[in-house]
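Survey of secondary and tertiary structure
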Amino acid sequence: MTAELLSLVPFEVAEPVGLNEHRQALARRAAWRLEDAPAEVIIQWAARTFGSRLAMTSSMSDAVLIDLFARHAPGTDVVFLDTGYHFTETIGMRDAVAATYRGRLNIITAEPEQTVAEQDATEGRDLFASNPDRCCALRKVAPLDNALADYDAWASGLRRDESFARSITPVVDWDERNGKVKINPIARWTQDRVDAYIEKNNILVNTLLMDGFASIGCFPCTRRVGEGEGVRDGRWAGKGKSECGIHLVSS
Ligand code: SF4
């Protein structure tokens, strides 16, 4: 099954793809060809296509995608964005992941240009309250874009069942902002499937998920969710905002 599906995507490249148009076309073809492929096939395709120019990102909510990459694309760089506003549990999760997957994946911590104190001095105290879009642009979008500058493609754990905005997430996408191919290997997975993978493979999870949180971000902008609320309803609650700007689905 794996070899058969991989043979359907005969456009692996040995050298960097120079033109954005070429990469964009590659992303579109891969999205169509790999739509029904298992996550491991999508990851193997990405690793074969981009080699060391592929990175994955993690919010350290759980290590499902990290584990899939360790199995099917060992050696991949894993970028974790430390905004300076993370829960202690999330930093602990990052350290546990680094220890567990040492030698199989490279955990890289990216940081904003300014510390929280420096940002308070230049932008005003608690920018997350007065202008969360600018705060996310400074502490999430810009540093992640910088961290991904030397890669041609990056992968995330985005899933269609997380929110309406994410319901059209393709398994392979085009990141227009960065001019990179974006891979979403578990886009079609449901929460039940994630939970089953965690249980079966004894995967690390952020302890906040066992304390009422369903989606984990910065502590000033994340709260527990109640009965009947969606996975991302605890993010920027009451601020008319549902995404930080990193994940813009193109199609
Ligand atoms: Fe700032 Fe909140 Fe965005 Fe974190 S999630 S970068 S604290 S606005």
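Just so we're clear, the structure is a prediction, and the values are computed from it rather than from any experiment.

Definitions and cut-offs
Residues numbered from 1 in each chain as written. Predicted model: local features only at pLDDT ≥ 70, side-chain atom pairs only at ≥ 80, totals over all residues. Heavy atoms only, no water. Helix = DSSP H or I, 4+ residues; strand = E, 2+ residues; numbered from the N terminus. Rg over C-alpha atoms; globule rule 2.2 N^0.38 Å. Buried < 20%, exposed > 50% of the residue type's maximum accessible area, 1.4 Å probe, protein only. Pairing = 2+ DSSP bridges. Right-handed = clockwise from strand over helix to strand, strands pointing away. Near = heavy atom within 4 Å. Nonpolar A, V, L, I, M, F, W, Y, C, P; charged D, E, K, R; others polar. Axes fitted to C-alpha atoms, helices over the stretch in contact; angles between N-to-C directions. Contact = heavy atoms within 4.5 Å. Arc of directions from axis to C-beta. Expected span 1.5 Å × (residues − 1).

Describing the overall build of the protein
Along the protein, the regular secondary structure elements total 9 helices and 6 strands. Whereas a compact globule of 251 residues would reach a radius of gyration of roughly 18 Å, the protein reaches 18 Å, a difference of no more than 12%. Its C-alpha atoms give the protein principal-axis dimensions of roughly 55 × 40 × 35 Å. Burial statistics for the protein: of 251 residues in total, 49% are counted as buried.

Quick word on the pairing of strand β3 (residues 106-110)
For strand β2 (residues 77-81) and β3, the ladder comprises 5 bridges, and the chain directions are parallel. Paired with Asp77 across the two strands is Asn106, which belongs to β3. Once the chain exits β2 it traverses helix α5 (residues 88-100) before rejoining the sheet at β3, and the crossover so formed is right-handed.

Focus: the site of the ligand
If you check the shell around the ligand, you find Tyr85, Phe128, Pro132, Cys135, Cys136, Arg139, Lys140, Cys218, Cys221 and Trp236 and nothing else. For the shell around the ligand, the element with the most residues is helix α8 (residues 132-147), which contributes 5 residues. For the shell around the ligand, the residue count by class is 8 nonpolar, no polar and 2 charged.

Observations concerning the sheet that holds β2
Reading across from one edge, β3-β2-β1-β4-β6-β5 is the order of the 6 strands in this open sheet, with mixed pairing throughout. Each end of this open sheet is capped by a strand with a single partner; those strands are β3 and β5 (172-175). Put simply, the sheet's adjacent strands are angled 30° from each other on average, direction ignored. Here helix α4 (residues 64-72) sits on the sheet and contacts β1 (54-58), β2 and β4 (153-155); the angle it forms with β1, its principal contact strand, is near 155°. Contacting β2 and β3, α5 runs over the sheet at an angle of about 150° to β3.

A closer look at helix α9 (residues 191-201)
Structural remark: α-helix, 3.6 residues per turn; residues separated by three or four positions point the same way. Among the residues of α9, Val194, Tyr197 and Ile198 are the ones counted as buried. Angularly, the buried residues of α9 cover 100° about the axis, an arc narrow enough to put them on a single face. In α9, the exposed positions angled more than 90 degrees off the buried face are occupied by Asp192, Glu199 and Lys200. Contacts from the buried residues of α9 go to α4. Looking one or two places after α9, you find Asn202, whose phi comes out positive at around 55°.

Focus: unusual backbone geometry
Although it is not a glycine, Met60 sits at a positive phi angle of roughly 65°. Looking at the element boundaries, Met60 is found in the loop between β1 and α4. Residue classification places Met60 among the buried positions, given a relative accessible area of 0%. The backbone of Trp236 shows a phi angle near 50°, a positive value even though the residue is not glycine. Mapping Trp236 onto the fold places it in the segment after α9. Residue Trp236 is classed as buried on the basis of its relative accessible area of 4%.

Thoughts on helix α3 (residues 39-50)
Helix length check: α3 (12 residues) gives 16 Å between terminal C-alpha atoms against 16 Å at 1.5 Å per residue, within 8%. Summarising burial for α3: 9 of the 12 residues are buried, a large majority. Among the residues of α3, those classed as buried are Ala39, Val41, Ile42, Ile43, Gln44, Trp45, Ala46, Thr49 and Phe50. Following α3 by one or two positions, Gly51 adopts a phi angle in the positive range, close to 55°.

A look at the environment of Gly84
Relative to the elements of secondary structure, Gly84 occurs in the loop between β2 and α5. Put simply, Gly84 and Ser242 are 158 residues apart on the chain and 20 Å apart in space, counted from C-alpha to C-alpha.

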